Amino acid sequence: MFEEIAPEIQQYFIERTTDGKPFSRNERSLAYRRAKNISDTTPFGTQLDINTSSYEGLKHSIFPAKVNHELPRITIGGADCKQPYSASLFNISAMSFGSLSENAIIALNKGAQKGSFYHNTGEGGLTQYHLQGGDVTWQIGTGYFGCRNDEGNFDAEKFAEKANHPFVKMIEIKLSQGAKPGHGGVLPAAKNTEEIAQIRGVKPHTEILSPPCHSAFDSPKGLIEFITQLRELSNGKPIGFKLCIGQTSEFEAICQEMMEQNCYPDFITVDGAEGGTGAAPLEFSDGVGMPLEPALIFVNKTLIRLNIRDKIRIICSGKIISGHAILKAIALGADLCNSARGFMFSLGCIQALRCNTNKCPVGIATQDRMLEKGLVIEDKFERVYHFHKNTLHAANELLAAAGKSNYAEVDVSLFMRGNEFTHLSDLYFPDNLSNVTKH
């Protein structure tokens, strides 16, 4: 019995405001307050120990810039794109219908519509619940759900039919996911209802394991050819791919193939190993893949080194929940950011860690109709909208505090790390002076 209620005991009786994994209570509270559009200020000062090597801070300017109240946008679409898309700097990352409930998907999409940002479908496919008026990025995973034939392979005709829907603004090929790179998506049997099975073209009430790799291609050359095919079938909509970096040589090989074929994706989504998931083997979540920070630096530097950075937008995802996280991601090389769990918090997620059990107590990660009723769409989509708006406004305030007026001016020089203070100490308090003081 105690094991059953251990998470609740931990969260409500033991956990401090700076504790909690993967997000602390302070981080969750920040998302809740911004979603509810109430004051997001905190009293008395930081609760973090900032005199450590792990501290990361923004170098503010003594002469701040004026805060821009217009939310930033980035145009996605290279030379071969016929339908470029103007994207928000902050968007909803991939979460499938099946992993999330019908009400959750509808609320997310309606919030995206009101706030003019995009909603990634996740690999579970494009459904009627994603088509509430919000902009959509349709993700194509290894299971090709929504565009597969009876054998589970890619069906060009079915793809073209959905890809040309006016609400579908971009197409994303999922190569790997940060929380479980090298492993296909997992839909527990308890969540695989008759409706979801029909949408995905699978047998209901069985655990659905997407293949770990694509059947439409198996090499860098095949990937680039697949991008060309999808671009033609979608009549020139932005096409990109998502991956978690593992063997860096493989990404370099993909870049070389882009140059060889003179065909470039319109965007690359970089997912960090700290990214979220509804269900994954622990070994994959804890021990596979590169974290977002080094991955972003590597992808950005590789594209710059090959002189193709100007042809491709970089989108990132992996614990992006605050204005500070957005600014840091841009400093490391991203053009724009996605967030999954941040928007789940805006829907009311309490980090119960039951996403894979179909027993989500707030009706988000479940297909249980009784639990789903607790998520009131008309209330929650407003919170999705406010969370997006207020988080981006916070990013604008940080940008101004650094004395900058444009995100193009953001780079790593704007940030400091705690281990830099050791160097400062060596400069201003040399060892001989320290020795004198000690004696």
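Residues numbered from 1 in each chain as written. Predicted model: local features only at pLDDT ≥ 70, side-chain atom pairs only at ≥ 80, totals over all residues. Heavy atoms only, no water.

**What to know about the overall build of the chain**
The condition is simple: Under the DSSP-based scheme used, a helix requires at least four consecutive residues in state H or I and a strand at least two consecutive residues in state E, with every element numbered from the N terminus. We compute the radius of gyration over the C-alpha atoms and compare it with the globule rule, which gives 2.2 Å times the number of residues raised to the power 0.38. Any two residues having at least one pair of non-hydrogen atoms within 4.5 Å are treated as being in contact. For accessible areas, the Shrake-Rupley method is used with a probe of radius 1.4 Å. Any residue's cover is judged against the shown protein chains and nothing else. For the purpose of counting charges, residues Lys and Arg are taken to be positive, whereas Asp and Glu are taken to be negative. His and the chain ends are not included. By convention, charge coordinates are those of NZ in Lys, CZ in Arg, CG in Asp, or CD in Glu.
Per the secondary structure count, the chain includes 15 helices and 14 strands. For a compact globule of 439 residues, the expected C-alpha radius of gyration is about 22 Å, and the chain comes in at 22 Å, within 12% of that figure. For the chain, the C-alpha atoms occupy an extent of roughly 80 × 60 × 40 Å along the three principal directions. Expressed as a percentage of contacts within the chain between residues at least 6 apart in sequence, the contacts between residues at least 24 apart total 71%. Of the accessible surface of the chain, which amounts to about 20700 Å², a share of 53% is contributed by carbon and sulfur atoms. Averaging the coordinates of the 44 positive side-chain charges in the chain and doing the same for the 49 negative ones gives two points 5 Å apart.

**Some remarks on the pairing of strand β7 (residues 168–174)**
Keep this limit in mind: Burial here depends on accessible area, computed with a 1.4 Å probe over protein chains only, as a share of the maximum for the residue type. Under 20% is buried, over 50% is exposed, and the range in between is partly exposed. Pairing between strands requires that DSSP locate at least two bridges from one strand to the other. Orient the strands so they point away from the viewer; a crossover is then right-handed if the path from the first strand over the helix to the second runs clockwise.
Most of β7 sits inside the fold, with 6 of its 7 residues counted as buried. By the bridge criterion, 5 bridges tie strand β6 (residues 135–140) to β7 in an arrangement that is parallel. Of the residues in β7, the one forming a bridge with Q139 is E172. Running through helix α4 (residues 156–163), the crossover from β6 to the neighbouring parallel element β7 is right-handed.

**Notes on the environment of Q261**
Threshold: Side-chain atoms alone can form a polar contact between residues adjacent in sequence; in general such a contact is a pair of N or O atoms within 3.5 Å, and within protein one must be able to donate a hydrogen while the other accepts it.
By secondary structure assignment, the location of Q261 is in helix α7 (residues 248–261). On the basis of relative accessibility, which here comes to 27%, the residue Q261 falls in the partly exposed class. Residues Q261 and T228 lie 33 residues apart in sequence; the distance between their C-alpha atoms is 10.0 Å. Once you skip the residues sitting within four places of it in the chain, Q261 turns out to touch K221, I224 and E225. Within the structure, Q261 has its side chain in polar contact with the backbone oxygen of K221 (distance 3.3 Å).

**Section: the UniProt feature "domain: Glutamate synthase" (unreviewed entry) in the chain**
Spelled out, the test is: UniProt positions are given in the numbering used here, feature names are shortened, and annotations may be inferred rather than shown by experiment.
Look at the UniProt record and you will see "domain: Glutamate synthase" (unreviewed entry) annotated at residues 87–404. Each end of residues 87–404 is marked by a C-alpha atom, and these two atoms are 21 Å apart; helix forms 38% of the span and strand 14%.

**Focus: the layout of surface pockets**
In plain terms, the rule: Any residue with an atom within 4 Å of a point lines the site, the site being either a cavity, points on a 1 Å grid over the protein atoms alone where a 1.4 Å probe fits but cannot get out, or a pocket, an open set with protein on both sides within 12 Å along at least 5 of 7 lines. Grid points are joined across faces, edges and corners, and a volume is the space filled by probe spheres set on the points. We call Asp, Glu, Lys and Arg charged. Ala, Val, Leu, Ile, Met, Phe, Trp, Tyr, Cys and Pro are nonpolar, and the rest, Gly among them, are polar.
As a volume, the second largest pocket reaches approximately 660 Å³. Contributing to the lining of the second largest pocket are 22 residues, with L175, S176, L243, E250 and I254 lying nearest its centre. Counting only elements with at least two residues in the lining of the second largest pocket, the list comes to α6 (220–233) and α7. Looking at the lining of the second largest pocket element by element, the count peaks at 3 residues for α7. When grouped by side-chain class, the residues that make up the lining of the second largest pocket number 13 nonpolar, 7 polar and 2 charged.

**A closer look at unusual backbone geometry**
One non-glycine residue with positive phi stands out, namely S116, at about 60°. For S116, the location among the structural elements is in the loop between α3 (102–115) and β5 (118–120). For S116, a relative accessible area of 39% puts it in the partly exposed group. Phi at N262 is positive, roughly 50°, even though this residue is not glycine. Relative to the assigned elements, N262 resides in the loop between α7 and β11 (267–271).

**Quick look at the nonpolar core**
This is how the line gets drawn: Buried Ala, Val, Leu, Ile, Met, Phe, Trp, Tyr and Cys residues that are joined via side-chain atoms within 4.5 Å together make up what is termed a nonpolar core.
In this structure, F241, F251 and M258 are the most contacted members of the largest nonpolar core, which totals 105 residues. In terms of residue count, helix α13 (residues 377–401) provides more of this core than any other element does, 7 residues in total. Leaving out residues up to four positions away in the same chain, F241 has contacts with E172, I173, L175, L223, I227, F251, I254, M258, P265, F267, I268 and T269.

**Topic: α13**
For the record, the criterion: Any helix carries an expected span of 1.5 Å times its number of residues minus one.
For α13, built from 25 residues, the straight-helix expectation of 36 Å at 1.5 Å per residue is met to within 8% by its first-to-last C-alpha distance of 36 Å. Taken from the residues just after α13, G403 is the one with a positive phi, measuring 80°.

**Quick word on the state of the cysteines**
As a reminder of what qualifies: The disulfide criterion is simple: two cysteine sulfur atoms within 2.5 Å.
By the definition in use, this model includes 0 disulfides. Left without a disulfide partner, C255 is nearest to the cysteine sulfur of C263, which lies 13 Å away. In this structure C263 is a free cysteine whose sulfur lies 12 Å from that of C81, the closest cysteine sulfur available.

**Side note on helix α2 (residues 25–35)**
One turn of an α-helix holds 3.6 residues; hence residues three or four places apart share an orientation. Here is the rule we go by: Arc definition: it is the arc formed by the directions from the helix axis to the C-beta atoms.
Turning to α2, its buried residues are R28, L30, A31, R34 and A35. Seen along its axis, α2 keeps its buried residues to an arc of 155°; they face one direction. Packing partners of the buried residues in α2 comprise α1 (6–14), α10 (323–331), α11 (341–347) and α13. With its phi angle positive at about 60°, N37 sits one or two positions after the end of α2.

**Quick notes on the environment of I92**
Structurally, I92 is set in strand β4 (residues 90–92). A sequence separation of 218 residues divides I92 from D310, and the C-alpha atoms of the two residues are 24 Å apart. Discounting residues that sit within four places of it in the chain, I92 has contacts with L108, A112, F117, Y118, H119, N120, S339, F343 and V384.

**Quick notes on the packing of aromatic side chains**
Basically, it comes down to this: Stacked, edge-to-face and tilted labels apply to pairs of Phe, Tyr and Trp rings (six-membered ring for Trp) whose centres lie within 6.5 Å, assigned for plane angles under 30 degrees, over 60, and everything in between, in that order.
In total, this model carries 14 aromatic pairs according to the counting rule given. Centroid distance F117 to F343: 5.6 Å. Interplanar angle 25°. Geometry classified as stacked. Here F117 is found in the loop between α3 and β5, whereas its partner F343 is found in helix α11, with 226 residues between them in sequence. With respect to class, F117 is no different from F343; both count as buried. Here the aromatic residues W138, Y144, F154, F159, F217 and F226 are joined through ring pairs into a cluster of three or more.

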